[in-house]
Amino acid sequence: QVQLVESGGGLVQPGGSLRLSCAASGSIRSIYAMGWYRQAPRKQRELVAGISSGRTTNYADSVKGRFTISRDHAQNTVYLQMNSLKPEDPADYYCNARIESYGPGALDYWGQGTQVTVSS
């Protein structure tokens, strides 16, 4: 059984910062790409940032220069540092990872989501 557990969401003022964390646990053989998605009310879920096993990163245009994704292979953890948060950033943020376990092979897993609110 593989689990992704997120933390770090909350309320922040416009221009503020938050750091999201997502830790994978369970019967993990390998973790490939990891990423963060977000879904605002009445909108589709969208990719915010992704990072490969070789630490190649990609970002949505709307967050480039403000958000930074990183990962710690030893801790099976991916982070999203969010700076200069804007009123359009609030959403439920979800961690995603392609994980090869000792069971069914490589599958995509999702975290439970963590809420980010930007308000003065």
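Here is a short report on the structure shown in this document. Bear in mind that the values here come from a model prediction, so they are computed numbers and not experimental data. (Residues numbered from 1 in each chain as written. Predicted model: local features only at pLDDT ≥ 70, side-chain atom pairs only at ≥ 80, totals over all residues. Heavy atoms only, no water.)

A short note on the overall build of the protein
Item 1. Scanning the protein from terminus to terminus reveals zero helices and eleven strands.
Item 2. Listing every helix and strand of the protein by position from the N terminus yields β-β-β-β-β-β-β-β-β-β-β.
Item 3. Whereas a compact globule of 120 residues would reach a radius of gyration of roughly 14 Å, the protein reaches 14 Å, a difference of no more than 12%.
Item 4. Once the C-alpha set of the protein is aligned to its principal axes, its extents read approximately 45 × 25 × 25 Å.
Item 5. Considering the protein as a whole, with its 120 residues, one finds that 39% of them fall into the buried category.
Item 6. Within the protein, contacts between residues at least 6 apart in sequence are counted, and of these 55% link residues at least 24 apart.
Item 7. Side chains of the protein carry 12 positive and 9 negative charges; the gap between the two charge centres is 2 Å. (Helix = DSSP H or I, 4+ residues; strand = E, 2+ residues; numbered from the N terminus. Rg over C-alpha atoms; globule rule 2.2 N^0.38 Å. Buried < 20%, exposed > 50% of the residue type's maximum accessible area, 1.4 Å probe, protein only. Contact = heavy atoms within 4.5 Å. Lys, Arg positive; Asp, Glu negative; His and termini not counted. Charge placed at Lys NZ, Arg CZ, Asp CG, Glu CD.)

A closer look at the environment of Ala-49
Item 1. Among the secondary structure elements, Ala-49 is positioned in strand S5 (residues 46-51).
Item 2. The exposure class assigned to Ala-49 is buried, which follows from its relative accessible area of 0%.
Item 3. Leave out the neighbours within four places in its chain, and Ala-49 touches Met-34, Gly-35, Trp-36, Asn-58, Tyr-59, Ile-69 and Leu-80.

A word on the side chain of Arg-66
Item 1. Here Arg-66 is to be found in the loop between strand S6 (57-59) and strand S7 (67-72).
Item 2. Taking relative accessible area as the criterion, Arg-66 reaches 9% and is therefore assigned buried.
Item 3. Among the polar contacts made by the side chain of Arg-66, one reaches the main-chain carbonyl oxygen of Ser-62 at a distance of 2.8 Å.
Item 4. When near neighbours in sequence (up to four residues on either side) are disregarded, Arg-66 contacts Gln-81, Met-82, Asn-83, Ser-84, Leu-85, Lys-86 and Asp-89. (Polar contact = N/O pair within 3.5 Å; in protein donor to acceptor, adjacent residues only side chain to side chain.)

Here's the deal with the state of the cysteines
Item 1. If you walk through the whole model with that rule in mind, you get one disulfide.
Item 2. Here Cys-22 engages in a disulfide with Cys-95; their sulfurs sit 2.1 Å apart. On the sign convention where negative is left-handed, the bridge of Cys-22 and Cys-95, at about -80 degrees about the S-S bond, is left-handed. In this pair, Cys-22 is assigned in strand S3 (residues 18-26) and Cys-95 in strand S9 (residues 91-101), connecting sequence segments 73 residues apart.
Item 3. Given a relative accessible area of 0%, Cys-22 falls into the buried group. (Disulfide = S-S within 2.5 Å.)

Side note on the pairing of strand S10 (residues 106-110)
Item 1. Direction of pairing for S9 relative to S10: antiparallel, over a ladder of five bridges. Bridge assignment links Arg-98 to a residue of S10, and that residue is Asp-108.
Item 2. Taking the residues that link successive antiparallel strands as the turn, the S9-S10 hairpin has four residues, and the phi of Gly-105 there is positive, at about 95 degrees. (Pairing = 2+ DSSP bridges.)

Limitation: the analysis is restricted to geometry and does not speak to function.
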